[in-house]
Amino acid sequence: MASSYNAPLLGRCGGFVAERPQDAFHLPARRTSVAEARRRVRALLHEWGADQQVRDDVELVVSELFTNAVRHSDSERVGCELTLFGTYVRITVTDEGASGAAGPHVQPRSVDKECGRGLFLVGALSESWGTRPGDAGGQAVWAELPYTATH
């Protein structure tokens, strides 16, 4: 599915229509797609005027969530959506497969292991994060990070 960098999400806000920058894309559920997801997110945030720290943090969270979807679900493709809501950016990564009834969760003592630190990083960088059932099966993992623009 082609990227839609300029697709606005329109919402009502106090009697006027507010535009929320939004973008979504899908990539094959392969390890090589993680780098492409990072590249797309970095370019999008640059276009939105995000400062360097925001770009770095969002890129890392997308990388971790996308990697988990590729590794731990039985998906053919993984989706990624970013939406800007004033002072924060929401990231949602969706898969098509089953990754267990409980969904992703931080493993005890996984911070010391080579594999398993991703959700610690997501939690440390995010104001909040969680999971919900995906719209078309599978699950969606979301995270909200602070957003500031370059001055």
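Each value, and the rule that gives it
- Residues numbered from 1 in each chain as written.
- Predicted model: local features only at pLDDT ≥ 70, side-chain atom pairs only at ≥ 80, totals over all residues.
- Heavy atoms only, no water.
- Pairing = 2+ DSSP bridges.
- Helix = DSSP H or I, 4+ residues; strand = E, 2+ residues; numbered from the N terminus.
- Contact = heavy atoms within 4.5 Å.
- Buried < 20%, exposed > 50% of the residue type's maximum accessible area, 1.4 Å probe, protein only.
- Arc of directions from axis to C-beta.
- Axes fitted to C-alpha atoms, helices over the stretch in contact; angles between N-to-C directions.
- Left-handed = near helix turned anticlockwise from the far one by under 90°.
- Core = buried A, V, L, I, M, F, W, Y, C linked by side-chain atoms within 4.5 Å.
- Expected span 1.5 Å × (residues − 1).

- Going by what an unreviewed UniProt entry lists, the chain is known as ATP-binding protein and is assigned to Streptomyces celluloflavus.

1. Some words on the pairing of strand β4 (residues 88-94)
- Here strand β3 (residues 77-85) runs beside β4; their pairing, made up of seven bridges, is antiparallel. Paired with Glu81 across the bridge in β4 is Thr92.
- Linking β3 back to β4 in an antiparallel pair, the connection comprises two residues, with Gly86 at a positive phi of about 60°.

2. As for the side chain of Glu144
- With respect to the helices and strands, Glu144 occurs in strand β6 (residues 139-146).
- Setting aside residues up to four positions removed in sequence, Glu144 forms contacts with Tyr88, Val89, Arg90, Ser126, Glu127 and Ser128.

3. Here's the deal with helix α3 (residues 118-125)
- Three or more residues of α3 are buried, namely Gly118, Leu119 and Val122. Seen from one end, α3 has its buried residues packed into an arc of 90°, which puts them on one side.
- If you follow the buried residues of α3, they end up packed against α2 (52-72), β5 (128-133) and β6.

4. Details of the packing of α2 against α3
- Look at α2 against α3: their axes get within 9 Å of each other, and the N-to-C directions meet at 145°. The two elements α2 and α3 meet at a crossing, and its hand is left-handed. Between α2 and α3, the residues in contact are Asp57, Leu60, Val61, Glu64, Leu65 and Asn68 and Gly118, Leu119, Leu121, Val122 and Leu125, respectively.

5. Re the nonpolar core
- By size, the foremost hydrophobic cluster in this structure holds 31 residues, and its most contacted members are Val58, Phe66, Leu82 and Ile91.
- Of all elements in the fold, only β2 (16-28), α1 (32-48), α2, β3, β4, α3 and β6 reach the threshold of two or more residues within this core.
- With eight residues, α2 is the largest single contributor of residues to this core.
- For Phe66, the contacting residues outside a window of four places in its chain are Phe25, Leu27, Ser33, Val34, Ala37, Val78, Cys80 and Val93.

6. A word on α1
- For α1, with 17 residues, the first-to-last C-alpha span of 25 Å sits near the 24 Å given by 1.5 Å per residue.
- Residues Ser33, Val34, Ala37, Arg40, Val41, Leu44, Leu45 and Trp48 constitute the buried set of α1. Along the axis of α1, the buried positions cluster into a sector of 125°, meaning they face one direction only. Opposite the buried face of α1, by more than 90 degrees, sit the exposed residues Thr32 and His46.
- Immediately beyond the C-terminal end of α1, within one or two residues, lies Gly49, with a positive phi of roughly 85°.

7. So, the environment of Leu121
- Within the secondary structure, Leu121 is located in helix α3.
- Since its relative accessible area comes to 35%, Leu121 is described here as partly exposed.
- For the pair formed by Leu121 and Glu64, sequence separation is 57 residues and the distance between their alpha carbons is 8.1 Å.
- The contact partners of Leu121, leaving out residues within four places of it in the chain, are Leu60 and Glu64.

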